[in-house]
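Inside the fold
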Amino acid sequence: MSDEMVIFSRVHDLLSWLLPKAERFPRAYRSTVVQRMQDAALDCHEALHEAANTRGSSRLRHLRRADATLDTLRVYLRLAHGWRWLSDGQYGHVSVMVAEVGRLIGGWIRVTPDRTAPRTSSDAK
């Protein structure tokens, strides 16, 4: 359970850094690209909380959704960097944060049993 707590701390740090930063992105894009970026970050956070409150295949489904929304966030961050909304240093910083969250999600996925997968003889050992 402590690993789960680490992920919530890291996602909180990511949101605390990203959301105020996104408010300074060009006004013309705030209702489109910026909103989608923020939604991806918040959807990832929400999926992680849903995963924490479920078990088995349902948990796995939420974790995979969190992973997918994190990938979407990566796309928007690359765009923001390419459009010079994020400096090289800012992009480097947020990329490290996103990579860590991704590793934590991946680890949680690996240790979550998939109750929909057929059992093999090696599972019983």
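Look a little higher up for the structure.
Residues numbered from 1 in each chain as written. Predicted model: local features only at pLDDT ≥ 70, side-chain atom pairs only at ≥ 80, totals over all residues. Heavy atoms only, no water.

Here the focus is the overall build of the protein. The number of helices and strands found in the protein is 4 helices and 0 strands. Counting only contacts in the protein whose residues sit at least 6 apart along the sequence, the fraction spanning at least 24 positions is 70%. Roughly 7400 Å² of accessible area belongs to the protein as shown, and the carbon and sulfur atoms make up 53% of that amount. (Helix = DSSP H or I, 4+ residues; strand = E, 2+ residues; numbered from the N terminus. Contact = heavy atoms within 4.5 Å. Areas by Shrake-Rupley, 256 points an atom, 1.4 Å probe, with all protein chains shown as cover.)

In this section: a nonpolar patch on the surface. A contiguous nonpolar surface patch, about 250 Å² in accessible area, is contributed by Val75, Leu79 and Trp83. With respect to the helices and strands, the residue Leu79 is situated in helix H3 (residues 56-82). Judged by its relative accessible area of 33%, Leu79 is partly exposed. (Patch = residues over 30% accessible without salt bridge, like charges linked within 9 Å, V, L, I, M, F, W, Y side chains within 5 Å. Salt bridge = Lys/Arg side-chain N within 4 Å of Asp/Glu carboxyl O. Buried < 20%, exposed > 50% of the residue type's maximum accessible area, 1.4 Å probe, protein only.)

Contact geometry of H3 with helix H4 (residues 88-111) gives a least axis separation of 10 Å together with a crossing angle of 165°. By the angle between their directions, the pair H3 and H4 is classed as roughly antiparallel. Regarding H3 and H4, the two cross each other, and that crossing is left-handed. Judged by residue contacts, Arg59, Leu60, Leu63, Arg64, Ala66, Asp67, Leu70, Leu73, Arg74, Leu77, Arg78 and His81 of H3 engage Asp88, Tyr91, Val94, Val98, Ala99, Val101, Gly102, Ile105, Trp108 and Ile109 from H4. Looking at side-chain class alone, the contact of H3 with H4 contains 14 nonpolar, 2 polar and 6 charged residues. (Axes fitted to C-alpha atoms, helices over the stretch in contact; angles between N-to-C directions. Parallel < 35°, antiparallel > 145°, perpendicular 65-115°, else oblique. Left-handed = near helix turned anticlockwise from the far one by under 90°. Nonpolar A, V, L, I, M, F, W, Y, C, P; charged D, E, K, R; others polar.)

As a further point, take helix H2 (residues 30-52). Because an α-helix completes one turn every 3.6 residues, residues spaced three or four positions apart along the sequence face the same direction. Compared with an ideal rise of 1.5 Å per residue, which puts 23 residues at 33 Å, H2 spans 31 Å between its outermost C-alpha atoms and is within 8% of the ideal. Largest kink in H2: about 25°, centred on Arg36. Within the span of H2, buried status applies to Val33, Val34, Met37, Gln38, Ala40, Ala41, Cys44, Ala47, Leu48, Ala51 and Ala52. (Expected span 1.5 Å × (residues − 1). Bend = angle between axes of the 7 residues up to and from the residue.)

With that settled, the discussion passes to the nonpolar core. Among the nonpolar cores identified, the biggest contains 34 residues, and Phe25, Met37, Leu48, Leu73, Leu77, Ile105 and Trp108 are the most heavily contacted of them. Counting residues per element, the ones that place at least two in this core are helix H1 (2-22), H2, H3 and H4. (Core = buried A, V, L, I, M, F, W, Y, C linked by side-chain atoms within 4.5 Å.)

Our focus in this paragraph is the packing of aromatic side chains. Taken as a whole and judged by the stated rule, the model has 5 aromatic pairs. On the numbers, 5.2 Å between centres and 35° between planes, the contact of Phe25 with Trp85 is tilted. Of this pair, Phe25 sits in the loop between H1 and H2 while Trp85 sits in the loop between H3 and H4; the two residues are 60 residues apart in sequence, bridging distant segments of the chain. Neither Phe25 nor Trp85 differs from the other in exposure class; each is buried. Centroid distance Tyr29 to Trp83: 6.1 Å. Interplanar angle 25°. Geometry classified as stacked. With Tyr29 in the loop between H1 and H2 and Trp83 in the loop between H3 and H4, this pair connects stretches of sequence that are 54 residues apart. (Phe/Tyr/Trp six-rings, centres within 6.5 Å; stacked < 30°, edge-to-face > 60°.)

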